[in-house]
Structure formats: structure tokens, C-alpha cells
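A structural walkthrough
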Amino acid sequence: MKINNNKNGHFSYRKKMGEYTKATYLLQKQLMQVVFQSLGLNPTYLQEDIDGGSQVMAVNYYPACPQPELALGMPPHSDFGSLTIINQSQEGLEIMDRD
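Residues numbered from 1 in each chain as written. Predicted model: local features only at pLDDT ≥ 70, side-chain atom pairs only at ≥ 80, totals over all residues. Heavy atoms only, no water.

1. Quick look at the side chain of glutamine 47
Mapped onto the secondary structure, glutamine 47 falls in helix H2 (residues 47-52). The contact partners of glutamine 47, leaving out residues within four places of it in the chain, are Tyr25, Lys29 and Gln33. (Helix = DSSP H or I, 4+ residues; strand = E, 2+ residues; numbered from the N terminus. Contact = heavy atoms within 4.5 Å.)

Here you go:
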């Protein structure tokens, strides 16, 4: 996403992030319906609770480090939401399972 760096840049950024937030909300809603349906539940199960909840969006950009041996990255952590949507544009995300 290219953001204009002129006096209207803040408005442009706000508008684009608003559109992105709406799109990810709709994606989350569709994904949760598929998850509920796969569990044998009504696709709209918990929809009122989900609609009444909150949406947290964290936008991070970590460019490649010219000296990767010096990079610390993020410490191991668990996301606190019921669903995490990641738009990964380059290699680097590591997911650790319980095994």
C-alpha cells in the first residue's frame, strides 16, 4: 500500500486503513462462519457476540535486517484473539506448535 507523503497523506492513510479494516472484518466474519459450520454449528453461531465484540488490528513492518544474526525479532507469544489473520509479504514468520 503506497501512502502519499503530502499534506493529505494522513487522510489518505486513514482512508486506506479504514477500508482495509472493513475488508479484514468481513473476511473474519466469513472465516468464523466456515469454522462454525465445520463444527456442525449454525454458521451464524455467536454472531451477535462477535459483532458486539472488538476488533484489534496491529500493523507491523519489519524490513529485512542487513545483519540477521543481530536481529532479535518478536519473542515467543500467543495471540489473544479467537482468530488471527496474517498478511505476510516475505519469509520470516515462524509458528511453533505444541510438539
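Having seen the model, we can carry on.
2. Comments concerning the packing of aromatic side chains
Enumeration over the complete set of coordinates arrives at one aromatic pair. Ring centres 5.4 Å apart and planes at 85 degrees place the aromatic pair phenylalanine 36 and tyrosine 45 in the edge-to-face group. Residue class for phenylalanine 36 comes out buried when judged on its relative accessible area of 7%. Judged by its relative accessible area of 40%, tyrosine 45 falls in the partly exposed class. (Phe/Tyr/Trp six-rings, centres within 6.5 Å; stacked < 30°, edge-to-face > 60°. Buried < 20%, exposed > 50% of the residue type's maximum accessible area, 1.4 Å probe, protein only.)

3. Let's talk about unusual backbone geometry
Phi angles above zero are rare outside glycine, and leucine 46 is one such case at about 65 degrees. Residue placement: leucine 46 occurs in the loop between helix H1 (9-38) and H2. Accessibility expressed as a relative area gives 37% for leucine 46, which makes it partly exposed.

4. Some details on a nonpolar patch on the surface
A surface patch of nonpolar side chains, about 430 Å² in accessible area, is lined by Val35, Leu39, Leu41, Tyr45 and Leu46. Inspection of the secondary structure assignment puts tyrosine 45 in the loop between H1 and H2. (Patch = residues over 30% accessible without salt bridge, like charges linked within 9 Å, V, L, I, M, F, W, Y side chains within 5 Å. Areas by Shrake-Rupley, 256 points an atom, 1.4 Å probe, with all protein chains shown as cover. Salt bridge = Lys/Arg side-chain N within 4 Å of Asp/Glu carboxyl O.)

5. Regarding the side chain of glutamine 28
Structurally, the position occupied by glutamine 28 is in helix H1. Excluding residues within four positions of it along the chain, glutamine 28 makes contact with Ile50, Leu83 and Ile85.

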